[in-house]
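An overview of the molecular structure
Chain residues, written in single-letter form:
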Amino acid sequence: MPTFQRFDYPALGENPSTAKDGTTPGSFALKAHIGSALPFSSPDTPGMPAPSDKTAWDFMPDDWTKNDDGSWSAPAGFVPVTQLEHARLGTITPEMERVAAREPHLTAVQVRDEVAAGRMVIPANKNHLRHNLDPMAIGRAAKTKINANMGASPVSSGTDEEVEKLHWAVKWGADTVMDLSTGGDLDKTRAAIIENSTVPIGTVPIYSMIIGRQIEDLDKQAVLDTLAHQADQGVDYFTIHAGVLKEHLPFVKDRLIGIVSRGGSLLAKWMLHHDKQNLMYTIWEDMCDVMRERDVTFSIGDGLRPGGLADASDIAQLKELETLGELTERAWKKGVQVMVEGPGHVPFDQIEFNMKAQRAACHGAPFYVLGPLVTDIFPGYDHITSAIGATAAGYHGASMLCYVTPKEHLGLPKKDDVKQGCVAYKIAAHAADVALGIPHTRDRDDELTKARAALHWEKHFELSFDPDLARAYHDEDLDVDTDFCAMCGHDWCSVRISKEIQEFASGKADDYAWEKPQVSAALTDEQKAILEQRGHLSPDEIHRLASKTKKKLGKDGDKAACHSDTTDADKALALQQAELVSLTPSKKGMRKTA
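In this text, all values refer to a predicted model and were calculated from it rather than measured experimentally.

Each value, and the rule that gives it
- Residues numbered from 1 in each chain as written.
- Predicted model: local features only at pLDDT ≥ 70, side-chain atom pairs only at ≥ 80, totals over all residues.
- Heavy atoms only, no water.
- Helix = DSSP H or I, 4+ residues; strand = E, 2+ residues; numbered from the N terminus.
- Buried < 20%, exposed > 50% of the residue type's maximum accessible area, 1.4 Å probe, protein only.
- Areas by Shrake-Rupley, 256 points an atom, 1.4 Å probe, with all protein chains shown as cover.
- Phe/Tyr/Trp six-rings, centres within 6.5 Å; stacked < 30°, edge-to-face > 60°.
- Lys NZ or Arg CZ within 6 Å of the ring centre and 35° of its normal.
- Pairing = 2+ DSSP bridges.
- Axes fitted to C-alpha atoms, helices over the stretch in contact; angles between N-to-C directions.
- Contact = heavy atoms within 4.5 Å.
- Left-handed = near helix turned anticlockwise from the far one by under 90°.
- Nonpolar A, V, L, I, M, F, W, Y, C, P; charged D, E, K, R; others polar.
- Right-handed = clockwise from strand over helix to strand, strands pointing away.
- Expected span 1.5 Å × (residues − 1).
- Salt bridge = Lys/Arg side-chain N within 4 Å of Asp/Glu carboxyl O.

1. A few points about the overall build of the protein chain
When helices and strands are counted, the protein chain shows 21 helices and 16 strands. Taken over 594 residues, the protein chain has a buried fraction of 51%. With the model as given, the accessible surface of the protein chain reaches about 27,600 Å², and the carbon-plus-sulfur share is 54%.

Written as structure tokens, this is what we have:
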């Protein structure tokens, strides 16, 4: 029998455990180089695009002067406004100090330098800072962040419900929130969300721009007025789909699902109607001027992101990515912070390429990705299919992950969907951070392992991300804190057996010792609710809900038309108008009639 030889490990990255507990050799990511193009990064698979050798320092305003020592001087009378401008002048702002306090592996100087290089953004609108905003950073030198989308639609939800979902999303770990409202009182909803939010708020302003007008009537003044208004309200970052160019549209015609970005499809229609270049592209510098005044960050939208695996990494997507790099450069010259949005639906094997193509094209500007979803056939479970891709995206270079909920592709997420999406993405982000070797990121995992090894249930639950859920699930089967778990029982519990072997360190950490089994504390009301709701959509209830529409609209078994189960298209449209929503826009948005 061959003898096992210890592997020669590659040059390891940082150990994500402060105490270096356990027996793992550490992270297999590259060694961290804060202040370079590779702060925390995965090793490149052969053939991957190399990092850009440029940063925001290569795209300075024309009226700034480079000094002999390599620093820059602004023109006389210049007053810095944005975090990028302050960083370029060597200033450490209070927001940078706060970021460093929240990212203990970084110093305030490192935060400043990453912002100056364009590799990190601090989305902190000056008007939102007057409320309750707690500044945070997005960038590959920082921990991976997650975003939660929400917003009222013409058929569901309203201001109070969206504020409740905001608080719920933040409770479950959302680092930023995007208000994607397309119905109800958009202005009131947006203002309420900003005033109540401790996290940065993003929007897609084109949604508001077309309320009360056709997309074909959109003009420069309407765009700038909308941006100024939302910036004055305190929006921290705008998604602008300026990278979809007229010359890109022919590449979309053979896609299985065309353009799935709402902003991208609207602007494509505008370009085709007017036979002109994308309005957002041509007035980019004007938009930069509006955003600079309040320090609003660009989240440059990927209007041609793939909507299915069959369209991933195609020529349309990659041509747009080249344009996103150009727009990044133009925004930096105007002193505006930039992050860049990415796909979408991407097969698992193509995720690394997508992350590293953006790193090259956009000079390391933070990448903010939706998922990506790694398969298309699991509606209702897309928080799982996308969290798989999101973990890989975070490891290979994405700085922020936009959550996907179980309702993706199916409807507007409700409260529990928001929780499920946030938790799935906290798992993805945390897994990526541990893999990247970001210092301290595995500390809590190691502490929970010690508690689990000691069979110290209270510590186990206390250290878990969702203690109520963990306790409820445990007590559902065994409401006594024993020296074994209900999954194995006493005789088969490997953890109990390992703990009893004197030669093993397992379960013997002093801080986790406990003497004897004890009856668990009574479940809280929230824990009881968790158990009561388990399987709340039973198979019978799912079939009942699915058949409800069939019974109302007509006989079963006919082919669907107009997104309903009736074969009569006119009847479907009438039912939609009568029972769901008025299709006539008003100045306050789409009027809900049911």
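2. Some remarks on the packing of aromatic side chains
Given two aromatic rings, their pairing is described by the distance between the two centres and the angle made by the two planes. Going through the model one piece at a time under the given rule, you end up with seven aromatic pairs. Between Arg330 and the ring centre of Tyr281, over which it is positioned, the NZ or CZ distance is 4.8 Å. One cation-aromatic arrangement involves Lys419 over Trp172; the distance from NZ or CZ to the ring centre is 4.3 Å.

3. Some words on the sheet that holds strand S7 (residues 201-203)
Backbone hydrogen bonds hold the strands of a sheet together, and the pairing may be parallel or antiparallel. The eight strands are arranged S5-S6-S7-S8-S9-S10-S11-S12 in a closed barrel whose pairing can be described as parallel. Ignoring which end each strand starts from, the neighbouring axes of this sheet average 25° apart. Strands strand S5 (145-150), strand S6 (176-179) and S7 of the sheet are contacted by helix H4 (residues 159-171), whose axis makes an angle of about 165° with S5.

4. Here we look at the packing of helix H2 (residues 94-102) against helix H3 (residues 108-117)
Across the interface, H2 lies against H3 with an axial gap of 8 Å and an inter-helix angle of 115°. For H2 against H3, the interelement crossing comes out right-handed. The residues of H3 that touch H2, namely those facing Met96, Glu97, Val99 and Ala100, are Ala108, Val111 and Arg112. Here the residues of the contact of H2 with H3 sort into five nonpolar, no polar and two charged.

5. Side note on the pairing of strand S10 (residues 338-342)
The buried fraction of S10 is high, at five of five residues. Across the two faces of S10 the burial is the same, with Val338, Val340 and Gly342 and Met339 and Glu341 all buried. Both strand S9 (residues 297-300) and S10 contribute to a ladder of three bridges, which runs parallel. In the sheet register, Ile300 faces S10, and the bridge partner there is Val340. In terms of handedness, the path from S9 via helix H11 (residues 315-333) over to S10 forms a crossover that is right-handed. Two elements, S10 and strand S11 (residues 367-370), share three bridges in a ladder whose sense is parallel. Bridge pairing in S11 links Gly342 to Val369. As a crossover connection, the stretch from S10 through helix H12 (residues 351-361) into S11 is right-handed.

6. What to know about H11
For H11, which comprises 19 residues, the first-to-last C-alpha distance of 28 Å matches the rise-based estimate of 27 Å (1.5 Å per residue) to within 8%. At the exit of H11 stands Gly335, carrying a positive phi of roughly 80°.

7. Some points on the pattern of salt bridges
Throughout the structure, instances matching the rule amount to 32 salt bridges. Here Lys450 makes a salt bridge to Asp21, at a shortest N to O gap of 3.2 Å. With Lys450 in helix H15 (residues 443-453) and Asp21 in the segment before strand S1 (65-66), this residue pair connects regions lying 429 residues apart in the sequence. Of the charged contacts in the structure, one is a salt bridge between Asp232 and Arg294, with a shortest N-O distance of 2.8 Å. Placement of Asp232 in helix H7 (residues 220-233) and of Arg294 in helix H10 (residues 284-294) is noted, with a sequence separation of 62 residues between them. Taking relative accessible area as the criterion, Arg294 reaches 12% and is therefore assigned buried. What emerges from the salt-bridge pattern is a single network uniting Asp44, Glu352, Lys356 and Arg359.

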